Amino acid sequence: MGLHTGALPDFPWDTLTAYGDRARAHPDGIVDLSVGTPVDPTPEVVRRALADASDAPGYPQTWGTPALRDAVVAWYARRRGVPGLDPAGVLPTVGSKELVALLPALLRLGAGDLVAHPAAAYPTYDVGARLAGAEPVATDDPAALLAGPDGDRVRLVWLNSPGNPDGRVLGVDELRAVVEAARDAAARTGRPVVVASDECYAELAWDEPWATAGVPSVLDPRVTGGDVSGLLALYSLSKQSNLAGYRAAFAAGDPALVADLLATRKHVGMIVPAPVQAAMTVALGDDAHVAEQRERYRARRSALLGALVGAGLVVDRSAAGLYLWARPASGDDDCWATVGRLAERGILVAPGSFYGAPRHVRVALTGTDERIAAAVARLAAVDAR
């Protein structure tokens, strides 16, 4: 697993420092909506499970305890419309970002291989490709890419639904088209094509039909035709359960693919701690705390959405997830101008240039109720057009 660290770009968040300083200078303090880090308490049921499992002198299982893998399988059947997953196709991960960054290397991709990811995307998809020595390709139509002249070089397709930063949701037909195109490309070339779907915001659906029907998974039988080979879904408990500090996530899908990843992870010691595995097992079985947290975010989203529109911004997509994807209603200002205007009001947001979209800004819902109320009040005095 060679890592090409010299190919990495500068860490983008460092460029936001001056705007953060400007926002912190506001007399009433900063409202930091730039990073989607949870601010609400970790549920007591999860904290109790962690404490109960804290006597853990032995090494944990890289593959995860049978109880955890069974809990993931039950969660997919209950919450995601995916019955009958094989527990052998479940793998706990140290948060989801590490697998996003390392999956191309773990798949032994390299020079000449293409890694496709959404056009507006979390930058770690790009970083992971570069770490492996592969070439990242941004596209909003991966099925067309797979069928085109460069399709024979595509070895990994990243999907992200609901999307970060834009909250876009991919329907069953869109997911199925990508899976079928990947399988056609694999059959044509004799080389595997993995479709990995980052679904970390799936429990936070706001618009219909997703709010009622749920966000579909790449593992949904309507997508897979009952065959999960070559498919991997990633999920994190950071958002639904306020467990970002636990680094509690997992991948699920093709048991053969998971077994290959597991073999390497055993060698390098990439293991979720045993108490965290116990806490994850409990969190996955308790839907009540998830519903409670979703309602907190629903209220904050409603307040911020109205305030952003009132301040002259247009919110695009944002059908699900933890962010509002906003741009000026008129004019040609780039995202940094919007970031600057909001920073003057003590509100820090993320520039869309971090995600390949130079006119948008990403506004996180992760502020306390008091800080969200402060942002709403300040936005009432802003004309962001």
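Residues numbered from 1 in each chain as written. Predicted model: local features only at pLDDT ≥ 70, side-chain atom pairs only at ≥ 80, totals over all residues. Heavy atoms only, no water.

**Student:** Got a sec to walk through the overall build of the chain? Specific residues and values, please.
**Tutor:** The number of helices and strands found in the chain is 15 helices and 13 strands. Relative to the globule expectation of 21 Å for 385 residues, the C-alpha radius of gyration of the chain, 21 Å, shows essentially globular dimensions. Here the C-alpha coordinates of the chain stretch approximately 55 × 55 × 40 Å along the principal axes. Residues counted as buried form 56% of the 385 residues belonging to the chain. Look at the contacts in the chain between residues 6 or more apart in sequence, and 76% of them connect residues 24 or more apart. Element-wise, carbon and sulfur atoms account for 54% of the exposed surface of the chain, whose accessible area totals about 15000 Å². A distance of 2 Å separates the average location of the 37 positive side-chain charges in the chain from that of its 45 negative side-chain charges. (Helix = DSSP H or I, 4+ residues; strand = E, 2+ residues; numbered from the N terminus. Rg over C-alpha atoms; globule rule 2.2 N^0.38 Å. Buried < 20%, exposed > 50% of the residue type's maximum accessible area, 1.4 Å probe, protein only. Contact = heavy atoms within 4.5 Å. Areas by Shrake-Rupley, 256 points an atom, 1.4 Å probe, with all protein chains shown as cover. Lys, Arg positive; Asp, Glu negative; His and termini not counted. Charge placed at Lys NZ, Arg CZ, Asp CG, Glu CD.)

**Student:** Go over the packing of aromatic side chains, please, and point to the residues and values.
**Tutor:** This model, assessed by the stated rule, comprises twelve aromatic pairs. Measuring from ring centre to ring centre gives 5.1 Å for Tyr-19 and Trp-336, while their planes differ by 35 degrees; the resulting arrangement is tilted. Taken together, the residues span a long stretch of sequence, with Tyr-19 in helix 1 (residues 17–24) and Trp-336 in helix 14 (residues 335–344) at a distance of 317 residues. Take Tyr-19: its relative accessible area is 18%, and that puts it in the buried class. When the ring of Trp-75 is compared with that of Phe-250, the centres are 5.9 Å apart and the planes differ by 80 degrees; the resulting orientation is edge-to-face. Of this pair, Trp-75 sits in helix 3 (residues 66–79) while Phe-250 sits in strand 8 (residues 248–253), and the two are 175 residues apart along the sequence. As far as the burial class goes, Trp-75 and Phe-250 line up, both buried. Each residue in the set Tyr-19, Trp-325, Trp-336, Phe-354 and Tyr-355 is aromatic and connected to the rest through ring pairs, giving one cluster. (Phe/Tyr/Trp six-rings, centres within 6.5 Å; stacked < 30°, edge-to-face > 60°.)

**Student:** So what's going on with helix 3? Residues and values would help.
**Tutor:** Over its 14 residues, helix 3 extends 20 Å from the first C-alpha to the last, a length consistent with the 20 Å expected when each residue adds 1.5 Å. Within the span of helix 3, buried status applies to Leu-68, Arg-69, Ala-71, Val-72, Val-73, Trp-75 and Tyr-76. Elements in contact with the buried residues of helix 3: strand 2 (90–94), strand 7 (231–236), helix 10 (238–241), strand 8 and helix 12 (274–285). Phi turns positive one or two residues past the end of helix 3, at Gly-81, with a value near 70 degrees. (Expected span 1.5 Å × (residues − 1).)

**Student:** Got a sec to walk through the sheet that holds strand 4 (residues 135–138)? Specific residues and values, please.
**Tutor:** Spatially, the seven strands line up as an open sheet ordered 2-8-7-6-5-3-4, and their pairing is mixed. Taken across any chain shown, the strands that pair with only one partner, and hence form the sheet edges, are strand 2 and strand 4. Direction aside, the axes of adjacent strands within the sheet are offset by 20 degrees on average. Pairing between strand 7 and strand 8: five bridges, direction antiparallel. Directly across from Leu-232, in strand 8, lies its bridge partner Gly-253. (Pairing = 2+ DSSP bridges. Axes fitted to C-alpha atoms, helices over the stretch in contact; angles between N-to-C directions.)

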